[in-house]
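Each chain is listed here by its residues.
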Amino acid sequence: MTSKWHIEKTELQVYRILNEDPLPKFFRYYPYVGLNNFSDKPEPVVYETIVAENEYLKMRVIPSLGARVHDLYDKVNNAHVFHYNEVLRPVIGLREAWTSNGIEFNCLDRPEHTPDNFSPVDWKVKEWEDGSITVYIGNIILFNNIYYLVGLTLRPGRAFLETSIKTFNNDPLRAKYYFWTNAAVPVTEGSRVFIPGKHTVDDTFPVTREGIDVSWYKNCMFGVDAFIIDSEEDFFGYYDYNTHYGLVQHANHFKVPGKKRFTWGTSEYGLLWAPILSDRGIPYIELQSGKYRTQGIIGFVDPHSFDDWEEWWYPIAKINGISYANRDAMIYVDAKPGDEAFGVMIGVYVTKDFPNAKIKIHLGEEVIEEEFNLTPGNPFVKESRFKDKRVKVEVIDENSNEIIAWDCRDYRTRIDESVYRRPSEFSIDAEKQKTAEELWIDGELEERMGNPLLAELKYKQALKVDGNFSKALYSLAILYYRKGKYEEATKLLEEALKRNLDYEVYYHLGLCHLKLGDEFNSEIEFWEARRSARFFSPSSYWISIIKMRNRGYWKAEEILREAAAKDSMNFKCLFLLAAALRKQGEIGEALQVIRKALEAFPLYYPLISELMLCSDRMDSIEFERIVLAGEQKLLEVAAEYMNAGLYEDSEKILTIGLSKGLDRPMVHYYLGFVSGRLQKADEMMRHYQLGDSKNPDYVFPHRVGEEEMLRSIIATTASPKAKYYLGNLLFRLSRFDEA
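Calculation notes
Residues numbered from 1 in each chain as written. Predicted model: local features only at pLDDT ≥ 70, side-chain atom pairs only at ≥ 80, totals over all residues. Heavy atoms only, no water. Helix = DSSP H or I, 4+ residues; strand = E, 2+ residues; numbered from the N terminus. Polar contact = N/O pair within 3.5 Å; in protein donor to acceptor, adjacent residues only side chain to side chain. Core = buried A, V, L, I, M, F, W, Y, C linked by side-chain atoms within 4.5 Å. Buried < 20%, exposed > 50% of the residue type's maximum accessible area, 1.4 Å probe, protein only. Phe/Tyr/Trp six-rings, centres within 6.5 Å; stacked < 30°, edge-to-face > 60°. Contact = heavy atoms within 4.5 Å. Axes fitted to C-alpha atoms, helices over the stretch in contact; angles between N-to-C directions. Parallel < 35°, antiparallel > 145°, perpendicular 65-115°, else oblique. Left-handed = near helix turned anticlockwise from the far one by under 90°. Nonpolar A, V, L, I, M, F, W, Y, C, P; charged D, E, K, R; others polar. Pairing = 2+ DSSP bridges.

Q: I'd like a rundown of the side chain of Glu53, residues and numbers included.
A: Turning to its location among the elements, Glu53 is positioned in strand 4 (residues 43-53). At a separation of 2.8 Å, a polar atom in the side chain of Glu53 contacts the side chain of Lys75.

Structural data, given as structure tokens:
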């Protein structure tokens, strides 16, 4: 059966959002709005739903309700694979609107649920030649300027959900980075998790030092995040002995090492959450996989860096547990001592049909072999008594290829000590007690943990110990750059170069010079940084930006083709290459670049916009549906064109947005600023005034480049609203006195 899909209208009972919070919430979720005012009772709401299915699974995705699979239904066992809420009640979460159903995808800069958990995400559906269907969902995270893309694939003949996750750092600086996938599953007193490890951050696992087996839900009295910090295996999951149903996750643990079980607990307080999160009041737990060992670890990713990985999630039934799993199959082996023999239970569950499979059971020197037609609806289960508990199970297909094997070995484990790295408490005289390097490392940890003010203090303490310590000079310069304090950042970077000729410093010095309008010295620094493999691609982008601003499109093309040859996933370079080709009239070549890039990352807004401009289709359906779905997406694209000096293109994009209903203050301000650069003084004033006339609610500037624009508006109109917006931006940039 070929997988298939369609779009349908689904009516759900929802505690509806009545209105959004019009006030900025700094240090919490700015520049997003708060979603904290809901109806007192559920109301029927109709949502556009993407339904995809194969012979085993039926998936529902509701893009309006955020970055999640709303439901995955197991047609073989007639069961919801994940926790299913018939009534959606959004509570808690980063923006105070989060629901506990399905499987969600969290990409942001801090240990939280994603900001678009209960607000719309973009989507696209791809039909593959092999009959598979992929539903893509994604967005750009305004906190860190990272695009994420989640591909949800159902393949013909496969009883698993394949998730392919891609991220791209669209920022010129390194970005804080965190990604966790969160699957909610229903539980009873018979529920047990199977995670191949021996330690959590604070205790042993599954049996604690107090002798409590916390793999069983019934033994978890209190809410707990159980991060397994030593697992070197590629799977984990859970099984419920009351429903005889469970779930397995499989992924390369070198790419996705994080394995976590969360429960609210079985105490009175823990069970209180079930009716809060769901009208049915059904308890659930969360099985989570992540890019890092724990959610206390936040990584840094380089500018313009791309990352991708795959995970497989599939249901299991009637096999009594989990010992080992890959994406094709799962084995459970349980040997219990009895009178003169061991009672051995063996179960094998598969994610595709394996006719005439051979199950080989090695019992010491004895081998038992059975032929069995394994299917997702027909697992192999055998219970018997053997004299030897040394059991090995091999499952082989009819062509003699191994499907899965398990020999009851100890799980591979190694404690990851990085989970214990935490910044020390701030001390006013720490420079008297620590080295410059120790203080710098402490500052880096503070920055990762979301404490830039403490990071700045610790970098300055490191410089009191060693005023020329290049790492502290560099890190402090990056903080200043983020604030828009380019002159201060430049001085620090120049000092850093006096001790250490570092490509990283050259790159960021190039950024500073460019922001200060010094293209000559900026280009020199970028060419130095381009000698490094790490900064070759982003430096090529910025050199090309300088060429584009001076209409040197063929020079930009040459540099960008070199960058694309070395890094085919730098979508900023590919976007700029397409624009450079279009400007030279090479539309066909530009379209080739765009379409190839969109195959890899279908929801990258600048490429979608460039496709529309190259096609000259002003009514482009994809452009309107995706880029014009929200003000911030439109502004993101406009800023990309403005950055390259392509003001006519930015004007065209913004004008289309206005005509399609995005009649917002910042859209007019952008258009006014662009008009000024195009020497259209009357249009500039008209749009500045139109922007001033709009309601100031929900206007939260956050891009550092918007400072110049807002100051231009204030200088031209003395607008009090523009001053309010600039105050918001400066406060967001930690320039509190100026704000």
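Q: Give a description of the nonpolar core that names residues and reports values.
A: In this structure, Met59 and Leu152 are the most contacted members of the largest nonpolar core, which totals 223 residues. Listed in part, the 14 residues of the second largest apolar core include Val33, Tyr47, Leu65 and Leu88.

Q: Tell me about the packing of aromatic side chains, residues and numbers included.
A: According to the stated counting rule, one finds 39 aromatic pairs in the structure shown. Arranged with centres 6.4 Å apart and planes meeting at 90 degrees, the rings of Tyr147 and Phe601 form a pair that is edge-to-face. One end of the pair, Tyr147, is in strand 13 (residues 146-154); the other, Phe601, is in the loop between helix 11 (587-600) and helix 12 (605-615), and 454 residues separate them in sequence. Each member of the pair, Tyr147 as well as Phe601, is classed as buried. Three or more aromatic residues link up through ring pairs in this structure, and these residues are Tyr147, Phe168, Phe306, Phe571, Phe601, Tyr604 and Tyr605.

Q: Talk me through the side chain of His304; I want residue IDs and the actual numbers.
A: If you trace the backbone, His304 turns up in the loop between strand 22 (299-301) and strand 23 (306-317). Setting aside anything within four residues of it in sequence, one finds His304 in contact with Phe168, Asn169, Asp171, Pro172, Pro538, Tyr541, Trp542, Asp567, Asn570 and Lys572.

Q: Describe the packing of helix 14 (residues 631-643) against helix 15 (residues 647-659), listing the residues and the values that go with them.
A: Contact pair helix 14 / helix 15: the axes reach a minimum separation of 7 Å and the direction vectors enclose 165 degrees. What the angle tells us is that helix 14 and helix 15 run roughly antiparallel. Between helix 14 and helix 15 the crossing geometry is left-handed. Across the interface between the two elements, Leu634, Leu635, Val637, Ala638, Tyr641 and Met642 of helix 14 pack against Tyr647, Asp649, Ser650, Ile653, Leu654 and Gly657 of helix 15. Looking at the contact of helix 14 with helix 15, its residues break down into 9 nonpolar, 2 polar and 1 charged.

Q: Please provide a residue-by-residue account of the sheet that holds strand 8 (residues 79-80), values included.
A: Across the sheet, 6 strands lie side by side as 8-7-5-4-1-9; this open sheet has mixed pairing. At either margin of the open sheet sits one strand with a lone partner, and together these are strand 8 and strand 9 (87-88).

Q: Can you break down the sheet that holds strand 30 (residues 391-396) residue by residue, with the values?
A: Spatially, 4 strands are ordered 28-27-30-31 in an open sheet, and the strand pairing comes out antiparallel. Each having just a single partner strand, strand 28 (366-374) and strand 31 (402-406) make up the two edges of the open sheet. Here the average twist between neighbouring strands, direction ignored, is 15 degrees. In this sheet, strand 30 lies alongside strand 27 (residues 354-363) in antiparallel orientation, the contact comprising 6 bridges. Paired with Ile361 across the strands is Val393, a residue of strand 30.

Purely geometric stuff here, so don't read any function into it on its own.
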